[in-house]
There are 2 protein chains.
Amino acid sequence: MNGAESLVATLVDRGVDICFANPGTSEMHFLAALENPRMRSVLCLFEGVATGAADGWYRMRDTPASTLLHLGPGLANGLANIHNAKRASSGMVNIIGEHSTSHLKYDPPLTSDIEGLARPMSHWVRRADSAGAIAWDAAKAVDAASAHPGRIATLILPGDASWREAGAPAVPPRPQSPRSAPDVARVEHVARVLRSGEPTLIILGNKATRGAALLRAGKVAAATGARLGSQFFTARIERGAGRVPLERIPYAVAPAQAFLKDFKHIVTVETGEPVAFFSYPDKPSLLKREGTLVHRLVEADEDSALAFEMLLDALGAGATAPLLQPRVATPVPSGALDPVSIAHALAAALPEDCIVVDESLTTGRETMGYTMGAAPHDLINNLGGSIGYATPVATGAALACPDRRVFCMVGDGSAMYTIQSLWTQARENLNVTTIIFANHSYAILKAEYSNMGAGTPGERALSMIDIDRPRIDWRAMAKSMGVRSVAVDTAEAFHAAMVESAREAGPCLIEVRL
Amino acid sequence: MNGAESLVATLVDRGVDICFANPGTSEMHFLAALENPRMRSVLCLFEGVATGAADGWYRMRDTPASTLLHLGPGLANGLANIHNAKRASSGMVNIIGEHSTSHLKYDPPLTSDIEGLARPMSHWVRRADSAGAIAWDAAKAVDAASAHPGRIATLILPGDASWREAGAPAVPPRPQSPRSAPDVARVEHVARVLRSGEPTLIILGNKATRGAALLRAGKVAAATGARLGSQFFTARIERGAGRVPLERIPYAVAPAQAFLKDFKHIVTVETGEPVAFFSYPDKPSLLKREGTLVHRLVEADEDSALAFEMLLDALGAGATAPLLQPRVATPVPSGALDPVSIAHALAAALPEDCIVVDESLTTGRETMGYTMGAAPHDLINNLGGSIGYATPVATGAALACPDRRVFCMVGDGSAMYTIQSLWTQARENLNVTTIIFANHSYAILKAEYSNMGAGTPGERALSMIDIDRPRIDWRAMAKSMGVRSVAVDTAEAFHAAMVESAREAGPCLIEVRL
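Throughout this description, residue numbers start from 1 for each chain and increase along the sequence as written. By the order in which they are written, chains take letters starting at A while ligands take numbers starting at 1. Restriction of local features to residues with pLDDT of at least 70 applies here, the model being predicted, together with a cutoff of 80 or more for giving and counting side-chain atom pairs; totals for whole chains, interfaces and linings are based on all residues. Only hydrogens and water are set aside when side-chain values are computed; all heavy atoms of the structure are taken into account.

### Comments concerning the packing of helix 13 (residues 339-349) of chain A against helix 20 (residues 491-501) of chain A
All names here are of chain A.
- In this analysis, axes come from line fits to C-alpha atoms, helices being fitted only over the stretch in contact, and the angle between any two N-to-C directions falls in the range 0 to 180 degrees. Secondary structure elements follow DSSP: runs of H or I of four or more residues count as helices, runs of E of two or more count as strands, with numbering from the N terminus. Where helix 13 meets helix 20, the closest approach of the two axes is 9 Å, and the angle between their N-to-C directions is 30 degrees. Between helix 13 and helix 20, the angle is such that the two are roughly parallel. As for how helix 13 packs across helix 20, the hand of that crossing is right-handed. On helix 20, the residues touching Ser-341, Ile-342, Ala-345, Leu-346, Ala-348 and Ala-349 of helix 13 are Ala-491, Phe-494, His-495, Met-498 and Val-499.
- Three residue categories are used. Nonpolar comprises Ala, Val, Leu, Ile, Met, Phe, Trp, Tyr, Cys and Pro, charged comprises Asp, Glu, Lys and Arg, and polar comprises the others, including Gly. Residue composition of the contact of helix 13 with helix 20, grouped by class: 9 nonpolar, 2 polar and no charged. Each angle receives one of four descriptions, namely roughly parallel if under 35 degrees, roughly antiparallel if over 145, roughly perpendicular if within 65 to 115, and oblique otherwise. Two helices that cross are described as forming a left-handed crossing if the nearer one is turned anticlockwise from the farther one by less than a right angle, and a right-handed crossing if clockwise. For this analysis, residues touch if any pair of their heavy atoms sits within 4.5 Å.

### Notes on the interface of chain A and chain B
- Opposite the 96 residues of chain A that make contact, chain B presents 96 residues.
- Any Lys or Arg side-chain nitrogen found within 4 Å of a carboxyl oxygen on Asp or Glu counts as a salt bridge. Linking chain A with chain B are 4 salt bridges, by the criterion used here.
- Measuring nitrogen to oxygen at the nearest pair gives 3.0 Å for the salt bridge that ties Lys479(B) to Asp473(A).
- Under this definition, polar contacts are N or O atom pairs within 3.5 Å; protein pairs additionally need one hydrogen-donor-capable and one acceptor-capable atom, and for neighbouring residues in sequence, both atoms have to be side-chain atoms. On inspection of chain A and its partner chain B, the count reaches 52 residue pairs in polar contact (both at pLDDT 80 or more).
- Counting residues per element, the side of chain A that touches chain B draws most heavily on helix 4 (residues 71-87) of chain A, at 8 residues.

### Focus: the sheet that holds strand 1 (residues 18-21) of chain B
Residues and elements named next belong to chain B.
- In this scheme, strands are said to pair when DSSP sees at least two bridges between them. Strand order in this open sheet of 6 strands is 2-1-3-4-6-5, and the pairing throughout is parallel. Each edge of the sheet is formed by a strand with only one pairing partner; in this case those strands are strand 2 (40-43) and strand 5 (124-127). Neighbour-to-neighbour, the strand axes of the sheet open up by a mean angle of 20 degrees, direction not taken into account.
- Of the strand pairs in this sheet, strand 5 and strand 6 (residues 152-158) are connected by 4 bridges, and their pairing is parallel. Pairing of Trp-124 across the sheet is with Ala-153, part of strand 6.
- The strands touched by helix 4 (residues 71-87) within the sheet are strand 3 (65-70), strand 4 (92-98) and strand 6, with strand 3 carrying the most contacts at an inclination of about 145 degrees.

### Topic: the sheet that holds strand 1 (residues 18-21) of chain A
Residues and elements named next belong to chain A.
- Judged by pairing direction, the sheet is parallel, and its 6 strands sit side by side in the order 2-1-3-4-6-5 without closing on themselves. On the outer flanks of this sheet lie strand 2 (40-43) and strand 5 (124-127), each paired with one strand and no other. Across the sheet, the mean angle from the axis of one strand to that of its neighbour is 20 degrees, orientation sign disregarded.
- Direction of pairing for strand 3 (residues 65-70) relative to strand 4 (residues 92-98): parallel, over a ladder of 6 bridges. Each residue of the ladder has a partner; that of Leu-69, found in strand 4, is Ile-96.
- Its contacts with the sheet place helix 4 against strand 3, strand 4 and strand 6 (152-158), and it is angled at close to 145 degrees to strand 3.

### Let's talk about the environment of Tyr389(A)
Residue and element names in this part refer to chain A.
- Along the polypeptide, Tyr-389 turns up in the loop between strand 14 (377-380) and helix 14 (390-400).
- On the accessibility criterion, Tyr-389 (0% relative accessible area) is buried.
- Between the C-alpha atoms of Tyr-389 and Ser-450, which are 61 residues apart in sequence, the distance is 26 Å.
- If near-sequence neighbours (up to four positions away) are discounted, Tyr-389 is found in contact with Arg-59, Asn-81, Asn-84, Val-357, Asp-358, Glu-359, Ile-380, Asn-381 and Asn-382.
- A polar side-chain atom of Tyr-389 sits 3.0 Å from the main-chain carbonyl oxygen of Ile-380.
- At 3.2 Å, the side chain of Tyr-389 and the backbone nitrogen of Asn-382 are in polar contact. Classification of residues uses two cut-offs on accessible area relative to the type maximum, computed with a 1.4 Å probe and protein chains only: under 20% is buried, over 50% is exposed, and between them is partly exposed.

### What to know about the side chain of Thr292(A)
- Summarising the element assignment, Thr292(A) is placed in the loop between strand 11 (265-269) and strand 12 (293-298).
- If we ignore the near neighbours within four places in the chain, the residues touching Thr292(A) are Phe263(A), Lys264(A), His265(A) and Ile266(A).

### Section: the packing of aromatic side chains
Residues and elements named next belong to chain A.
- When the centres of two rings from Phe, Tyr and Trp lie within 6.5 Å, Trp using its six-membered ring, the rings pair. Their planes under 30 degrees apart give stacked, over 60 give edge-to-face, and anything left gives tilted. Summed over the entire model, instances satisfying the criterion amount to 19 aromatic pairs over all chains.
- Relative to Phe-494, the ring of Phe-437 lies with its centre 6.3 Å away and its plane at 70 degrees, an arrangement referred to as edge-to-face. Taken together, the residues Phe-437 in strand 16 (residues 432-438) and Phe-494 in helix 20 connect sequence positions 57 residues apart. Grouping residues by exposure puts Phe-437 and Phe-494 together as buried.
- Joined through ring pairs, the aromatic side chains of Phe-232, Phe-233, Tyr-251, Phe-277 and Phe-278 make up one cluster.
- Two conditions define a charge sitting above a ring: the NZ of Lys or the CZ of Arg must be within 6 Å of the ring centre, and it must be within 35 degrees of the ring normal. Over the aromatic face of Tyr-280 sits the side chain of Lys-283, whose NZ or CZ is 4.9 Å from the ring centroid.

### Focus: unusual backbone geometry
- Cis geometry marks the peptide bond from Arg469(A) to Pro470(A), where omega comes out at -5 degrees.
- On the secondary structure map, Pro470(A) appears in the loop between helix 18 (459-462) and helix 19 (474-480).
- Residue Pro149(B) is bonded to the preceding His148(B) through a cis peptide linkage, with omega at 0 degrees.
- Mapped onto the secondary structure, Pro149(B) falls in the loop between helix 7 (134-146) and strand 6.
- With phi around 45 degrees, Asn206(A) is a residue other than glycine that occupies positive phi space.
- Position of Asn206(A) relative to the elements: it lies in the loop between strand 7 (200-204) and helix 10 (211-224).
- Despite not being glycine, Asn429(B) has its phi angle at roughly 50 degrees, a positive value.
- By relative accessible area, Asn429(B) is classed as partly exposed at 45%.

Here it is, written out as C-alpha cells:
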C-alpha cells in the first residue's frame, strides 16, 4: 500500500466516501488510489465547483466530503467556496497535491506557499511528512472537519508521500462526540428573560434550524410568546408546512433595524447578534436598537437540541405544542414575472421534500416569505457572501440526496462564476433544476450604489454593473454542457417548467427572462 | 476628491490606465471614480479573467494594468492567474475592496484575511490606512509593479478609505530606471567560456527573448557557435521569419536531458537552469548533464540588451551579422488533424505580426517547432502551470494591441477554467481567435499517469481524466456568450477557419474536433 492508497483507505474508513476532484500530474497516484471502490469520485471542471459541491454535501449529510485539488493554484481556485463553506460551518477535507519534497528546492513553476494560501480559509492545515504517517494525518483531518461546528481541514500531499510505501495505516482513536451541553446558568438566565414577558427574539443559526432543536424552539415560542428568527442567511433551514416557522431578519440595514427595534432581548442560538453585511458611510454595523440586550443561549460548539430541552425544563413547558407553519395553498400565478409572481410560482411548484438553494440576490431577496407555507423543504443560503456558490452547492446536495430534487435559484451574474457545475450535473445525471434569473445585470449593485451614497451611477459605472452586452444565451449555455433547458417569460410558464423539470431524472435549466 | 477618486487619478497619472474589474458592494465608490475618462474599465464575469487579462496586457505593453476585485474571495478567484503572472514576471496592480475599518471587528460574512491570501502570490501588499494617504500607496503600488522584473502589487482598499475626503494627491517621486547593468566580471567570464569553443547553450528568458537583446544574442551565437535556447515556457518570444531563432528545451524529462546532454556550459539570461516541471519517482529535478557548468550572465533584474552589448564588445563581435530565421513557406495541409498537420496549418495561416497565446498542452506541445519559419509573430506561454491562463491572457493582449489578431490555442480542459473570457471578448469586440483543441480529455494526464509510474489508469482513474461524458458543445458555448464560431475536422478546414477569423473584427471560436 502506498501513501495515496493509505490516504484513500483512511478517508473511507473514517466516513469520507466521496471526493470532488480536479487532478493534475502531481496527483496521479491519488487518482490510482481512487480505484478503491468504496470512494466515489466526481470530476469537476473547475475547483470552485469541487469545493462548493463538498459544501453542499455537508449541508445535507452533516459529514464532510473530500476534495482533490492541484497544488497552490488549484487550491486558490477553490478558496472562494471554501470561504462560503467555512462561514456556513460546513466540514470539508481538502487534499492538495504538491511537489515532492526533494523537488521543491528548485522552485519549479507550480510552486507556491500552499500553507499560506490555505490558512486564511482553513481551521486545520497540515503537510503530510511521509507516506507512513499519512493515515494518521488523514484521520486527524477528518476528525477536524467532523467536529461541531464543521471545520475546513486542508492536508497537503507531496508527491513522494503519495507514491512511497506506507505500510499498514496507523490512525488515532476517534474523538468523542464533539457537541457539549450549554452552561446551566446560561439556560436559567434565558429562562428568566423569557418569563419576564419582555419582547424577545430568539435567533437560531447553523444546526438549530432543523430537527429536534427547531421543534423545541417552537415549543419555547408557543409557551413564552418569544418570536423565532433567523439571520438573513442560514446554512440550512427545515422549512414549509408543518415546520416551526422562523422570521427572517431583513438584509438591508433600515428594514433590519425596523424589524429589530421592538425587541428588548435577543437570544442567540449557534449564531451571533445581527450585523450588517456591508458597511455604509452613514449606517451602523450592529442592527439591534440601542439598549436591546443580547443573551447567548447556545455557543457555536454546543448542542442546541439539548439546550432547548433544558430550557423547556426550566420553563416547565416541555408538553407545550410547538408553533407550526400551516400549509398555504398558493394558486398558480399567471401573467408578468416579478418578485411576487415568481415567489408564488415557487410556492405552488415546490414538491414535498425538495431542496432549495438560493442565490437569487435581487430577484428572490424580499419575497421568499411567500414560500413559508409551501410543501416542506430545505432551504440553503450562502453565508459567506462570495457569489458563485449556488450551482456547486446544488451539485453536492443532489449527490448527497439522490432521491430529492434540488431547485437552484441563481442570478445570472452569480451563475457565471461557477457555471461549469452544469457539466458535472449532466455527467452524474443529477436531479437539479437550475433557475437562472436573467436580469442581465448585477442588479443588486444598482441599489447598493445609492445605498453607499455614491449617487446615481454614470455611464461608465453602469457599464460595470450591467451585463447585457452581450446578453448571455442561457439555453445555449445549458446545451453546451449537455443540460436540457427551457426559457420562460410568464409566471405560469415558470411554474409549469418547474413542475416539468421534476418529472424526469437529471438536470434541467430554466431561464427566467426578466 | 474622495479616496477612490484620488486612487484612480493616481493610477492614471502613473501610467496605469486600464482596470479589469469585477466589483461588489464595497467597491461602489471606486466604481464612481472609474467615471474618470482617462481610465478604461473592462468588466470581467469572473476574477480569474480579470487577473489573466492584466497579465496579457503586461506581456504586450510592459506596463502594468490594474484589477478591481471584491474582498478576499474575489482576490482568491483571481489568484491562480496572479500566480501565472508572477511566474511570468508580469507587473500588475490589484485593488482589493474591503470592509471599512470600523466594520471589520464585527466579523461580517465576507471578512477574511486578505493580506494572508495576497502574500503568497504578491511581491508587495499594503492596506490603505486612510483616504489622504491613498495616492501615496497607489503610487508605490504602481512603482512596485513597474519594476524589472515586473511585480505583483496588491493594495487593499477599505470602504472608508474610499469614500472619505482625500485632499490633493501626494505621491513620492518616480523611481529611477530600475534595470541595472550586469557585473563586468561576469560578462568577461562568459566571454571566456564562449571563446573556449566548448559546446554552450545560452538560455534566454523574460525580456531577453525580444528586441535588441534577442538580436544581439543572435550575433553572439553567430560569432561563437553557441546555441540559443529558451525554457519550454517563456513570457513572450518574438519569433518567426526574420527573428533570431531559439531552440526550445523539451518539456518531458527524458527529451530535455537528451537535448541538454552535449552542452559543457549553460549560460542563463534572465532565467535559471532548466528544472523539471514536476517531480517523478525515478526522474531527476535538474535536467542538465552532470558536469555541465552553469554561468549566470544576466540576473532577473538586470538589462539583457546591455549585457549582450557588453558581451559583444568583450568578444569583439559587435559587427557580426546575427543568425536569423528564414521564412519557411508552409503549404496548406489537408486531411486528418494531428499535431503535425495542426502545426502546418498554423504556420500557413498565421498573419504577420499576430500574437499566439499557447495553452494547447497535449496537442501543440511537441510540434510548435513547425511554426518557427512562419510570418513574424509573438508567442506567449504559461510560466506558472495553472491552467485557465490562455483565454484571459489573450483577452488582455488583444486590448493591449487592438491592431493585431490574437490566436489563442487552448485545450478543452484548460478552456473550461476561465471560459467567461469569451463574454468580455464579445463585449469589447476583441480580435481574438480562440482555437479549442477538443480531445474531450485532460489528455496530458494520460501520459503523466504512466510517467509517474502509476501504471495504466483503471476505469475510475480514467473517469477523472476523460471529459467526454458529456462532450462539451463548443459552438453552443461560443453562442451563449455572443462569439461567432466554426467547427473543423480537417487540416484544410482548420487553416481556412483561421484565415477567415482574421477577416472580420471581433472574436471567433474554432472548435478543432480531434
